[in-house]
Amino acid sequence: MDDKLAALAAEVEARAQQVRDERELDELRTSVLGRKGGRLSQVLAGLGKLPKEERAEFGRRANEAKARIEASLEHARRRLADAAVEQSLARRYDVTFDALPPHRGSLHILRQTLEDVASFFRSRGFAIVMGPEVETEYYNFEAMNIPADHPARDAMDTFYVGPRTLLRTHTSPMQVRSMLAYPPPIAILVPGKVYRRDALDARHAFVFHQFEGLQVDRGVTFAHLKGFVTDLCRALYGEDRRTRFRPSYFQFTEPSAEVDVSCAVCEGRGCRTCGGAGWLEMGGAGMVHPHVLRAGGYDPETYTGWAFGLGIERIAMVRNGIDDIRLFTENDPAFVEQFA
Ligand code: DAH
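The text that follows walks through the structure, step by step, so that each part is easy to find. (Residues numbered from 1 in each chain as written. Predicted model: local features only at pLDDT ≥ 70, side-chain atom pairs only at ≥ 80, totals over all residues. Heavy atoms only, no water.)

**Things to note about unusual backbone geometry**
- Residue Pro184 is joined to Pro185 through a cis peptide bond whose omega torsion reads 0 degrees.
- For Pro185, the position within the fold is in the loop between helix 8 (173-181) and strand 4 (186-195).
- Of note in this structure, Asn331 is not a glycine but carries a positive phi near 55 degrees.
- By secondary structure assignment, the location of Asn331 is in the loop between helix 12 (327-330) and helix 13 (333-336). (Helix = DSSP H or I, 4+ residues; strand = E, 2+ residues; numbered from the N terminus.)

**Brief notes about the packing of helix 5 (residues 109-123) against helix 9 (residues 222-237)**
- Two elements in contact, helix 5 and helix 9, have axes whose closest approach is 10 Å; the angle formed by their N-to-C orientations is 135 degrees. Between helix 5 and helix 9, the angle falls in the class oblique. Considering how the two elements wind past one another, helix 5 and helix 9 form a crossing that is right-handed. Contacts from Asp116, Val117, Phe120 and Phe121 in helix 5 reach Phe228, Asp231, Leu232, Ala235 and Leu236 in helix 9.
- Tallied by class, the residues present in the contact of helix 5 with helix 9 amount to seven nonpolar, no polar and two charged. (Axes fitted to C-alpha atoms, helices over the stretch in contact; angles between N-to-C directions. Parallel < 35°, antiparallel > 145°, perpendicular 65-115°, else oblique. Left-handed = near helix turned anticlockwise from the far one by under 90°. Contact = heavy atoms within 4.5 Å. Nonpolar A, V, L, I, M, F, W, Y, C, P; charged D, E, K, R; others polar.)

**Some details on the layout of surface pockets**
- What the largest pocket holds in volume is close to 1400 Å³.
- Forming the boundary of the largest pocket are 45 residues, of which Phe208, Glu281, Met282, Gly283 and Arg314 lie nearest the centre.
- Those elements that place two or more of their residues in the lining of the largest pocket are helix 7 (151-155), strand 5 (207-217), strand 6 (243-250), strand 7 (253-262), strand 8 (279-288), strand 9 (304-311) and helix 11 (312-320).
- If you tally residues by element for the lining of the largest pocket, the top one is strand 8, at six residues.
- Of the residues assigned to the lining of the largest pocket, the class counts are 21 nonpolar, 13 polar and 11 charged.
- Reported here for the second largest pocket is a volume of approximately 330 Å³.
- Lining the second largest pocket are 17 residues; nearest its centre among them are Arg111, Leu114, Met130, Gly192 and His209.
- Of all elements in the fold, only helix 5 and strand 4 reach the threshold of two or more residues within the lining of the second largest pocket.
- Ranked by residues supplied to the lining of the second largest pocket, first place goes to helix 5 with six residues.
- By residue class, the composition of the lining of the second largest pocket is seven nonpolar, four polar and six charged. (1 Å grid on protein atoms, 1.4 Å probe; cavity = no way out; pocket = protein on both sides within 12 Å on 5 of 7 lines; lining within 4 Å. Points joined across faces, edges and corners; volume = space filled by probe spheres on them.)

**A short note on the site of the ligand**
- Near the ligand lie 15 residues; those nearest to it are His170, Ser172, Arg196, Gln210 and Glu212.
- Alone, the ligand offers 360 Å² of accessible surface; in the complex the protein occludes 92% of this.
- Structurally, the ligand is housed in the largest pocket.
- For the shell around the ligand, the elements supplying multiple residues, two or more each, are strand 5, strand 8 and strand 9.
- Its residues placed into classes, the shell around the ligand shows five nonpolar, eight polar and two charged. (Near = heavy atom within 4 Å. Areas by Shrake-Rupley, 256 points an atom, 1.4 Å probe, with all protein chains shown as cover. Sits in = over half its atoms within 2 Å of the grid points.)

**A short note on the side chain of Thr171**
- Within the secondary structure, Thr171 is located in the loop between strand 3 (165-167) and helix 8.
- The contact partners of Thr171, leaving out residues within four places of it in the chain, are Val190, Pro191, Gly192, Val194, Gln210, Phe211 and Glu212.

**Brief notes about the sheet that holds strand 9**
- Taking strand neighbours across the sheet as the criterion, the seven strands line up as 1-4-5-9-8-7-6 in an open arrangement whose pairing is mixed. Pairing within the sheet leaves two strands with one partner each, and these edge strands are strand 1 (127-128) and strand 6.
- Where strand 5 lies against strand 9, eight bridges are found, and the strand directions are antiparallel. By the bridge assignment, Gln210 is partnered in strand 9 with Gly311.
- Lying over the sheet, helix 5 contacts strand 1, strand 4, strand 5 and strand 9, oriented at roughly 165 degrees with respect to strand 4.
- Helix 9 contacts strand 5, strand 6, strand 7, strand 8 and strand 9 of the sheet and is inclined by roughly 30 degrees relative to strand 9. (Pairing = 2+ DSSP bridges.)

Next up, the structure:
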């Protein structure tokens, strides 16, 4: 029995010196010390067959052998750990190797579109002002000549946040707010978010962006409006684009018009993008209603003005061939990075 223990310990010691990695070491450990089927347990199983007086001595030797086995395994473990450190220290790096280019962020396509709009307005000397998205009924509707119970309030499908407060349904309330804040003449661009209780689909979102243009001065006419919007459309869509004004109705303008731009996809011949019409609706425009000027504290006998409101998503969609308004807010990198 003693011989078997000594032989096993010697064998383990020799094999431990040979193991090349953690896995081999684990295998060796289990094959010797494993509770079931481990070779040491097998030798110890012979204990019961020994005469009583030999058992104590055998036990002592068995513990010695086990300690020796564990020591050789531990020795091997340290050898492997040291080798791993040595190896990592020996690794050489090529510090001249080109790093991967860092990921560069970029402006969102809506922001880029707004920047183009803003630079046009700036070049004409307009000031850019921002207004509150949580608005009062008064500025959103009454001041814009839309009285309570007027069906236009339903058409706007308003989100109310309180009895007389709401999320603005258009950027138009900033017309009166700005007139109250600045004496005439005034020339402003108001970009921003607007909210409507629309069901989400490819063409409707419950939050989107508009911008309002407003100019009030002595002697401002519809011709100024037409010239400004035509130039803006050329700046945004290219010199070849034609614009068209269709008679329309808004409570806050008189006369009112709907602005169309010739479809860039089919050059006006009619296609899927423009629904065969050859024209795309861009938004509303008109001469500021006297009631609105008065609400802003301007005298309609002295001052006239034009205003228009366009959707920024709409412009970005037409300019870039984007066919679903939901893409703007989903932030799929595959979409966003196309415009980087
Ligand atoms: N506020 C209108 C809307 O959101 C758009 C609009 C029409 C704005 C005519 C104007 C305007 O300034 O003159 O539907």
